[in-house]
Amino acid sequence: MEHHPAAARLTEAATSAVQQHGSGNLLRIVLVVMILGCALTAWFLLRGYKRKDD
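Residues numbered from 1 in each chain as written. Predicted model: local features only at pLDDT ≥ 70, side-chain atom pairs only at ≥ 80, totals over all residues. Heavy atoms only, no water.

A word on the overall build of the protein chain
Check the secondary structure of the protein chain and you find two helices and zero strands. Out of the 54 residues in the protein chain, the part that is buried amounts to 0%. Within the structure as shown, the protein chain displays about 5,500 Å² of accessible surface, and the carbon and sulfur contribution to it stands at 66%. (Helix = DSSP H or I, 4+ residues; strand = E, 2+ residues; numbered from the N terminus. Buried < 20%, exposed > 50% of the residue type's maximum accessible area, 1.4 Å probe, protein only. Areas by Shrake-Rupley, 256 points an atom, 1.4 Å probe, with all protein chains shown as cover.)

Right, here's the structure in full:
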């Protein structure tokens, strides 16, 4: 596997960001993804119950 300096810098930046700011950013990301996932799931499920009155 090749070593990519950019990937190493990104990993180091992400690690230092978590150490400096705690898990606040991670928690925000998880919450946003969870809310969007719930909204998309609800839309997908409710889409099937739509009646076509033709």
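There is more to say, and it comes next.
Quick notes on the packing of aromatic side chains
Counted according to the given criterion, the structure contains zero aromatic pairs. Lying over the aromatic face of W43, R47 brings its terminal NZ or CZ to 5.2 Å of the ring centre. (Phe/Tyr/Trp six-rings, centres within 6.5 Å; stacked < 30°, edge-to-face > 60°. Lys NZ or Arg CZ within 6 Å of the ring centre and 35° of its normal.)

Some remarks on the UniProt feature "transmembrane region" (unreviewed entry) in the protein chain
In the UniProt entry, the feature "transmembrane region" (unreviewed entry) is given for residues 26–46. Helix and strand shares over residues 26–46 are 100% and 0% respectively, and the end C-alpha atoms of the span are 30 Å apart. (UniProt positions renumbered as here; feature names shortened; annotations may be inferred.)

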